[in-house]
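# Commentary on secondary and tertiary structure
If you want the building blocks of each chain, they are given just below.
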Amino acid sequence: MTDMAEATARLHALVASAPTSDLAAAFAAAGHELALVGGPVRDAFLDRPVTDLDFTTSARPDEILALVAPLAEATWDVGREFGTIAARIGGADVEITTYRADQYDGVSRKPAVAFGDSLEDDLVRRDFTVNAMALRVTPPRGATGGADAAPQLVDVGGGLEHLLARTIDTPQAPERSFDDDPLRMMRAARFAAQLGFDVAPRVVTAMTALAERIRDISAERVRDELSKLLLTDRPVPGVRLLTETGILDRVLPEVPALRLEADEHAHHKDVFEHSLTVLQQGIDLEASRNPDAGPDLVSRLAGLLHDIGKPATRRIEGRTVTFHQHDLVGARMAKQRLRELRFDNETVKAVSRLVELHLRFYGYGEQAWTDSAVRRYVRDAGPLLERLHILTRSDVTTRNRRKAERLDFAYDDLERRIAELQEQEELDAVRPDLDGNRIQEVLGIPPGRAVGEAYRMLLEQRLEHGPLGEERAERVLREWWAARGA
């Protein structure tokens, strides 16, 4: 946590900023309370960039809109039924939400929205104490001292103390908090990973006891929270916590299943720990290879899931353990699980394809690949080539330094050869030398299955021999057609 004086200075700067000061004046004049809440307050104490301005208020949604509209360049409705109005003021995006006093029936996946009248009551119902601090920028209703009273920090659950202790805890009993909204259990793991904090023992105990309640949450909300966790810089502690509490068994059971039992003789790598290492190594490679690209969810899902086919394919053969075809089995498992979590089709297809291809490189170091093999590697990866580079490199977790260096050198060599062939042959757009129309013209045939077969034959020739040129491609096509007819 940053120095208190510096944090206080940052908070005062937020209060003095045009959006906050203008809003405070407008809401105070109308007799309403307004407070900066949650992330901006937390991040000011942690010396993290404040990217969003979130406010809470005693005003109801229609009143919020009426007060904000004269100040804003634009307003939009992000959930009026939930009490939230968004606006752009002074070039900054803000969200303002009415105090909440939601009611949960313990059955429905969503709360019955109810508006409240107290900032303190609103804060105590929030997820974690570090997110339940507010900076009141208007006087409390009924207070004396005028509209220019000093901002007041409101901390109902000990959030500041927990920031100092680097702890994730809940404002009320965690069992009550998680019973209200079970998704908060996953949020605890995400914030612990995002902030580098520990989770309070009582919270871990409640997560373990209530793990089954995560099934009450819609697949879409679980997907979004899992994605947010994986998109942090260091998601491994969060994944480990979800596994230890049993929550991941209900959300992504293929990952906890990687904790294979060790047998007496057939020693093998701890696949669960290996997968977590691959996930983190892939994140580090993302940052070094593509520093301006931002976090890549597809790569991170592939890193976490690349070996999920191993439990189903595990065989003990003598004193060794084998996992034959775990790449193909894992690809099918990844596709099914991601679909159940309602990931979009493009993500599902990309992740499952990377899982399928993640072993393709092995063997390159033992025997030289032909140019045609390199072309096929690029062709099969398609637009996923850079992600496959990252996954394959991060999959090396051996402690044998010589083996690791040998694999690293071999992949350096493969990337060099790919670059050379790309320069020579425009490898990213490998196509036959003749398109479908030209095939029909040369053979004098109409559209149909034979055209597709001829196209695939010419593509194989292109991959095997490189560019043929139109004249040679036509000769090969006629010879193939004659042999086919015979």
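Since we're looking at a predicted model, the values are computed, not measured.

### Some thoughts on empty space enclosed by the protein
Scanning the entire structure with this criterion turns up two cavities of 30 Å³ or more. A volume near 50 Å³ is recorded for the second largest cavity. As for the second largest cavity, its lining consists of V278, L279, G282, I283, E286, S299, R300, G303, I390, L391 and S394. Contributing elements (two or more residues each) for the lining of the second largest cavity: α13 (271-289), α14 (297-305) and α19 (385-394). Examining the composition of the lining of the second largest cavity, we find that five residues originate from one element, α13, more than from any other. Taken together, the residues of the lining of the second largest cavity break down into five nonpolar, four polar and two charged.

### With respect to the environment of V236
The residue V236 is located in helix α11 (residues 236-244) in this model. When the C-alpha atoms of V236 and P139 are compared, they prove to be 43 Å apart, with 97 residues separating the residues in sequence. For V236, the residues in contact, after removing those within four places along its chain, are L276, L279 and Q280.

### Considering unusual backbone geometry
Phi angles above zero are rare outside glycine, and D47 is one such case at about 60°. Of note in this structure, Q325 is not a glycine but carries a positive phi near 65°. Among the structural elements, Q325 can be located in the loop between β11 (320-322) and α16 (326-340). The exposed category is assigned to Q325, whose relative accessible area is 54%.

### Concerning the confidence of the model for the protein
On average, the protein scores 87 in pLDDT, and the residues at 70 or more come to 91%. Of the regions scoring below 50 in pLDDT, residues 263-267 engages in 10 contacts with residues more than four places distant in sequence or in other chains.

### Comments concerning the environment of R342
Inspection of the secondary structure assignment puts R342 in the loop between α16 and α17 (345-357). Between the C-alpha atoms of R342 and D224, which are 118 residues apart in sequence, the distance is 9.6 Å. Sequence-distant contacts of R342, defined by excluding residues within four places in its chain, comprise A219, E220 and R223. For R342, the side chain forms a polar contact with the main-chain oxygen of E340, separated by 3.0 Å.

### What about the pattern of salt bridges?
In this structure the tally under the stated criterion is 46 salt bridges. Here R376 and E460 are joined by a salt bridge, their closest N and O atoms 2.5 Å apart. In this pair, R376 is assigned in helix α18 (residues 371-381) and E460 in helix α22 (residues 449-465), connecting sequence segments 84 residues apart. Linked by salt bridges that have partners in common, R289, E386, R393, D408, D412 and E415 make up one network.

### Some details on the side chain of T392
In this structure, T392 sits in helix α19. Classification of T392 as buried rests on a relative accessible area of 2%. For T392, the residues in contact, after removing those within four places along its chain, are H358, F361, Y362, Y377 and Y411.

### Some remarks on the pairing of strand β6 (residues 133-136)
Side chains M133 and L135 project from β6 onto one buried face, and the interleaved A134 and R136 project onto a second face that is buried too. In terms of strand pairing, β6 meets strand β7 (residues 152-155) through four bridges, oriented antiparallel. Across the sheet, residue A134 finds its bridge partner in β7, namely V154.

### Quick notes on the sheet that holds strand β5 (residues 92-98)
Across a sheet, strands are paired by hydrogen bonds formed along the backbone, either parallel or antiparallel in direction. Spatially, β3-β4-β5-β2-β1-β6-β7 is the arrangement adopted by the seven strands of the open sheet, whose pairing is mixed. Sheet topology places β3 (74-79) and β7 at the edges, where each strand pairs with a single neighbour. Each strand of the sheet is rotated relative to its neighbour by a mean of 30°, with strand direction disregarded. Strand direction decides the pairing type here: strand β1 (residues 34-37) and strand β2 (residues 53-57), joined by three bridges, are antiparallel. The partner of L36 across the bridge, within β2, is F55.

### Some details on α13
Look at α13: 26 Å from first C-alpha to last across 19 residues, which is about the 27 Å you get at 1.5 Å a residue. The inward-facing, buried residues of α13 abut α10 (219-230), α11, α14, α15 (310-313) and α19. The N-cap residue of α13 is D270: its side-chain oxygen and the backbone nitrogen of F272 are 3.1 Å apart.

### With respect to the packing of helix α1 (residues 4-16) against helix α2 (residues 18-29)
Each pair of packed helices gets described by two things: the angle between the helix axes and the distance between those axes. Closest axis-to-axis distance for the α1/α2 pair is 4 Å, and the angle between their directions is 60°. Touching L14, V15 and A16 of α1 are A18, T20 and S21, all from α2. In the contact of α1 with α2, the residues fall into four nonpolar, two polar and no charged.

Parameters at a glance
Residues numbered from 1 in each chain as written. Predicted model: local features only at pLDDT ≥ 70, side-chain atom pairs only at ≥ 80, totals over all residues. Heavy atoms only, no water. 1 Å grid on protein atoms, 1.4 Å probe; cavity = no way out; pocket = protein on both sides within 12 Å on 5 of 7 lines; lining within 4 Å. Points joined across faces, edges and corners; volume = space filled by probe spheres on them. Helix = DSSP H or I, 4+ residues; strand = E, 2+ residues; numbered from the N terminus. Nonpolar A, V, L, I, M, F, W, Y, C, P; charged D, E, K, R; others polar. Contact = heavy atoms within 4.5 Å. Buried < 20%, exposed > 50% of the residue type's maximum accessible area, 1.4 Å probe, protein only. pLDDT = per-residue confidence, 0-100. Polar contact = N/O pair within 3.5 Å; in protein donor to acceptor, adjacent residues only side chain to side chain. Salt bridge = Lys/Arg side-chain N within 4 Å of Asp/Glu carboxyl O. Pairing = 2+ DSSP bridges. Axes fitted to C-alpha atoms, helices over the stretch in contact; angles between N-to-C directions. Expected span 1.5 Å × (residues − 1).

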